[in-house]
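The chain contents come next:
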Amino acid sequence: MRVQGISTIEYERLRRGECDAHGQTPLSRKAEGGANPCRHCLGLIEDGDTKLVLAYRPFEGTPHPYAEIGPIFLHQAQCARYDSPALPRWFAFLEPAIIRGYGADDWIRYETGQVVPGRELGAACESILTDASVAYVHVRSKFGCFQCRIDRA
Ligand SMILES: [Zn+2]
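This text gives an overview of the structure that appears in the document. (Residues numbered from 1 in each chain as written. Predicted model: local features only at pLDDT ≥ 70, side-chain atom pairs only at ≥ 80, totals over all residues. Heavy atoms only, no water.)

Let's shift gears to the nonpolar core. Within the largest apolar cluster, 21 residues are counted, with the highest numbers of intra-cluster contacts made by Ile-99, Leu-121, Val-139 and Ile-150. Of all the secondary-structure elements, those providing two or more residues to this core are strand 6 (97-102), helix 2 (121-128), strand 8 (136-140) and strand 9 (146-151). The element contributing the most residues to this core is helix 2, with four residues. Those residues in contact with Ile-150, other than ones at most four positions away along the chain, are Met-1, Arg-2, Val-3, Leu-87, Cys-125, Leu-129, Tyr-136, Val-137 and Val-139. In terms of nonpolar packing, the next biggest core, distinct from the first, is built from 15 residues, Leu-14, Ala-31, Tyr-56 and Leu-74 among them. (Core = buried A, V, L, I, M, F, W, Y, C linked by side-chain atoms within 4.5 Å. Buried < 20%, exposed > 50% of the residue type's maximum accessible area, 1.4 Å probe, protein only. Helix = DSSP H or I, 4+ residues; strand = E, 2+ residues; numbered from the N terminus. Contact = heavy atoms within 4.5 Å.)

Here you go:
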């Protein structure tokens, strides 16, 4: 697997205050509690640190029917993009995680959709990626919020 945060070019664009997927300026807020994941470094934003809250469409190119837009958080302070063969350890605490495979055309492969406990997430993603018709997997929270994209290594 190759697990990555959102592109650094997109992250830096949003940190500069350029428009989100709804054409609005990202909001700056204090993170409260311990459940504020940054989708660039895939780390948790510390309680009291500043986060950006914005609408994000985790698909490249032209919008299409499957290109959902949803809320994400990002560190306002600069962070490094996550890029690893393994999921961040805290993903084990996603209760549950929602996963879906997408084809090379960016349409959902409906037979791949699963709701799994976080500790089973890695194995479930690896299993979906054995299907040659799946190009990549999205991980989402129980709220439907995009967490990260997983590709084949
Ligand atoms: Zn971050």
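By definition of the ideal shapes, a tetrahedral metal site with four donors has angles of 109.5 degrees and an octahedral site with six donors has angles of 90 or 180 degrees. Within the protein, the zinc ion binds to Cys-38 (SG), Cys-41 (SG), His-75 (ND1) and Cys-79 (SG); these donor distances fall in the range 2.1 to 2.3 Å. Around the zinc ion, the four donor atoms sit at angles spanning 98 to 116°, and that spread fits a shape best called tetrahedral. Between the donor residues of the zinc ion, the gaps in sequence give the motif C-x2-C-x33-H-x3-C. Taken together, the positions of Cys-41 in the loop between strand 2 (27-30) and strand 3 (50-56) and Cys-79 in the loop between strand 4 (70-75) and strand 5 (83-84) put the pair 38 residues apart, joining distant regions of the chain. Of the two residues examined, Cys-41 and Cys-79, each falls in the buried class. (Donors = N, O, S within 2.8 Å, 3.2 Å for Na, K, Ca; no water. Tetrahedral: all angles 85-135°; square planar, octahedral: opposite > 155°, others 65-115°.)

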